[in-house]
Amino acid sequence: MSRRKEKTEDITDFNSLLRKQGYSLAGRHSAVKTCLWLRRSMQDEGACYKAVFYGIESHRCLQMTPTLMCNQKCLHCWRPTEVDVSMPVEWDSPVEIVGSCIESQRKLISGFGGSVAKERWMEGNEPRHVAISLSGEPTLFPHLPELIEEFKSQGFTTFVVSNGTNPKIMERINPSQLYMSLDAPDRETYEKVCNPKSVDLWDRIGKSLEVLREKETRTVIRITLIKDLNMFNHEGYAELIRKAEPDYIEVKAYMHLGFSRKRLPREAMPSHEEVLDFSDKLASLLGYRIAHDVEISRVVLISKDGTFSPLV
């Protein structure tokens, strides 16, 4: 069997795995997935912590990625990182991606039409918030700046979550809110937790932290805590975060979901109390303050002055 054929079959298998996990492929290389909180919000049974912190409407939030490729294989990632995704022969345009994602979202929520309030279902069919943070690393999509602007032109608030390994693209993007994941306080821990595909990615992360400091858009550092792996060296995290001077810091527990269950035990999930304790120590080192927390999601929001405000 030729290598080319093997790659095609790997991608086909990967796509099958994604569909089993509830993903909907959009175009040639993008994907959409509805989360638990969208479904609960559609039924008027609550909303995710982003609604609490930032004012978004969970049932109108489109969670997508413009590429399933990633340059890390994080232990806590919910996608099948064991399968490599090849670069597409040709990239879809931002206009095509936005249209395909909205269409995929509508298909995914079509089953709610007869079981929820009609007004809420119709609102869900007109998403107004996009979280570019599903799977893969969005900055590997070369037209990410144009994609963000296309979403904005159609009235979306835009959230981007990056692993910070592509500082040149980080410099060029200006979403409504720019997240950067920081899941280790030092290189050794980073290599153990995130399994980077290149030895220089840790240095690139340092450069992206400096990029964040110069951003005019709202910035967030996100830390995913995993027991016995990265819940230590508060000063190490603080030293890195000082480079970025973010508006907010989100400290969140690892959740035992998706394909991460094959790599980590359930016991790797810290409790909400442990997340709060870690957050309090980190905030004190930085001169920040805890602004809010959502126990059901095991997430804590830290800000410079202990306040927070909605985007919308």
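Figured I'd write up the structure that's included with this text. As the structure is a prediction and not an experimental result, all values here were calculated from the model. (Residues numbered from 1 in each chain as written. Predicted model: local features only at pLDDT ≥ 70, side-chain atom pairs only at ≥ 80, totals over all residues. Heavy atoms only, no water.)

**Quick look at the pattern of salt bridges**
If you walk through the whole model with that rule in mind, you get 17 salt bridges. The salt bridge involving Arg 172 is made with Glu 146; its shortest N-O contact spans 3.5 Å. Taken as a pair, Arg 172 in helix H7 (residues 167-172) and Glu 146 in helix H6 (residues 144-153) lie far apart in primary sequence, 26 residues in all. (Salt bridge = Lys/Arg side-chain N within 4 Å of Asp/Glu carboxyl O. Helix = DSSP H or I, 4+ residues; strand = E, 2+ residues; numbered from the N terminus.)

**Focus on the packing of helix H10 (residues 234-244) against helix H11 (residues 272-286)**
Close contact between H10 and H11 brings their axes to 9 Å; oriented N to C, the two are set at 50 degrees. What the angle tells us is that H10 and H11 run oblique. Our pair here, H10 against H11, has a crossing hand that is right-handed. Note on element contacts: H11 touches H10 through Phe 278, Lys 281, Leu 282, Leu 285 and Leu 286, opposite His 234, Glu 235, Tyr 237, Ala 238, Ile 241 and Arg 242. (Axes fitted to C-alpha atoms, helices over the stretch in contact; angles between N-to-C directions. Parallel < 35°, antiparallel > 145°, perpendicular 65-115°, else oblique. Left-handed = near helix turned anticlockwise from the far one by under 90°. Contact = heavy atoms within 4.5 Å.)

**Observations concerning the layout of surface pockets**
The computed volume of the largest pocket comes to approximately 1500 Å³. The wall of the largest pocket is formed by 50 residues, among which Gln 63, Trp 78, Ser 133, Arg 222 and Lys 252 lie closest to the centre. Those elements that place two or more of their residues in the lining of the largest pocket are helix H2 (36-42), helix H3 (49-54), strand S3 (61-65), strand S5 (157-162), helix H8 (187-194), strand S7 (218-225) and strand S8 (248-253). It is H2 that contributes the most residues to the lining of the largest pocket, five residues altogether. Across the lining of the largest pocket, the residue classes break down as 26 nonpolar, 16 polar and eight charged. (1 Å grid on protein atoms, 1.4 Å probe; cavity = no way out; pocket = protein on both sides within 12 Å on 5 of 7 lines; lining within 4 Å. Points joined across faces, edges and corners; volume = space filled by probe spheres on them. Nonpolar A, V, L, I, M, F, W, Y, C, P; charged D, E, K, R; others polar.)

**A word on the side chain of Ser 297**
One can find Ser 297 in the loop between strand S9 (289-294) and strand S10 (299-303). Residue classification places Ser 297 among the buried positions, given a relative accessible area of 7%. Setting aside chain neighbours within four positions, we find Ser 297 in contact with Trp 37, Tyr 49 and Lys 252. (Buried < 20%, exposed > 50% of the residue type's maximum accessible area, 1.4 Å probe, protein only.)

**Things to note about the sheet that holds strand S6 (residues 177-181)**
Strand order in this open sheet of 10 strands is S1-S2-S3-S4-S5-S6-S7-S8-S10-S9, and the pairing throughout is mixed. Looking at strand neighbours, the two that pair on one side only are strand S1 (23-26) and S9, the edges of this open sheet. The sheet shows a mean angle of 25 degrees between the axes of neighbouring strands, direction not considered. With five bridges connecting them, S6 and S7 associate as parallel partners. Across the sheet, the residue bridging to Ser 181 is Arg 222, located in S7. Sheet strands touched by helix H9 (residues 201-213): S6 and S7. Its angle to S6, the strand with the most contacts, is close to 155 degrees. (Pairing = 2+ DSSP bridges.)

**Here's the deal with the pairing of S10**
In terms of burial, S10 is a largely internal element, five of the five residues being buried. Burial of S10 is two-sided: the residues Val 299, Leu 301 and Ser 303 facing one way and the residues Val 300 and Ile 302 facing the other way are all buried. Judged from the five bridges that link them, S8 and S10 form a sheet pairing that is antiparallel. The partner of Val 251 across the bridge, within S10, is Val 300. Where S9 and S10 come together, five bridges link them in antiparallel fashion. Note on S10: the bridge partner recorded for Asp 293 is Val 300. Linking S9 back to S10 in an antiparallel pair, the connection comprises four residues, with Arg 298 at a positive phi of about 50 degrees.

**Notes on the nonpolar core**
Core analysis: the largest hydrophobic core is formed by 63 residues, its most contacted members being Leu 62, Met 64, Phe 151, Ile 221, Ile 249 and Leu 282. Ranked by residue count, the leading element in this core is H9, at six residues. Not counting chain neighbours up to four residues away, the residues in contact with Met 64 comprise Ala 31, Val 32, Ile 97, Cys 101, Val 130, Ala 131, Ile 132, Ser 133, Leu 134, Leu 147 and Phe 151. Formed by 17 residues, the second largest nonpolar core is a distinct cluster that contains Phe 53, Tyr 179, Val 294 and Leu 301. (Core = buried A, V, L, I, M, F, W, Y, C linked by side-chain atoms within 4.5 Å.)

**Considering helix H4 (residues 94-108)**
With 15 residues, H4 should cover 21 Å at 1.5 Å per step; its first-to-last C-alpha distance of 21 Å lies within 8% of that length. When H4 is considered as a whole, its buried residues turn out to be Pro 94, Ile 97, Val 98, Cys 101, Ile 102, Ser 104 and Gln 105. Seen from one end, H4 has its buried residues packed into an arc of 165 degrees, which puts them on one side. Looking at H4, the residues exposed on the side facing more than 90 degrees away from the buried face are Val 95 and Lys 107. Lining the buried residues of H4 we find S1, strand S2 (30-33), H2, S3 and H6. (Expected span 1.5 Å × (residues − 1). Arc of directions from axis to C-beta.)

**Structural notes on the packing of aromatic side chains**
Overall, the coordinates contain 10 aromatic pairs when judged by the stated rule. Ring geometry for Trp 91 and Phe 141: centres 5.3 Å apart, planes at 65 degrees, overall edge-to-face. Residue Trp 91 is found in the loop between S3 and H4, and its partner Phe 141 is found in the loop between strand S4 (129-132) and H6; the two are separated by 50 residues along the sequence. Since its relative accessible area comes to 0%, Phe 141 is described here as buried. Each member of the aromatic cluster is reached from another via a ring pair, and the members are Tyr 49, Phe 53, Tyr 54, Phe 159, Tyr 179, Tyr 248 and Phe 308. Just above the ring of Trp 78 sits the side chain of Lys 33; from NZ or CZ to the centre is 5.3 Å. Over the aromatic face of Trp 37 sits the side chain of Arg 40, whose NZ or CZ is 4.8 Å from the ring centroid. (Phe/Tyr/Trp six-rings, centres within 6.5 Å; stacked < 30°, edge-to-face > 60°. Lys NZ or Arg CZ within 6 Å of the ring centre and 35° of its normal.)

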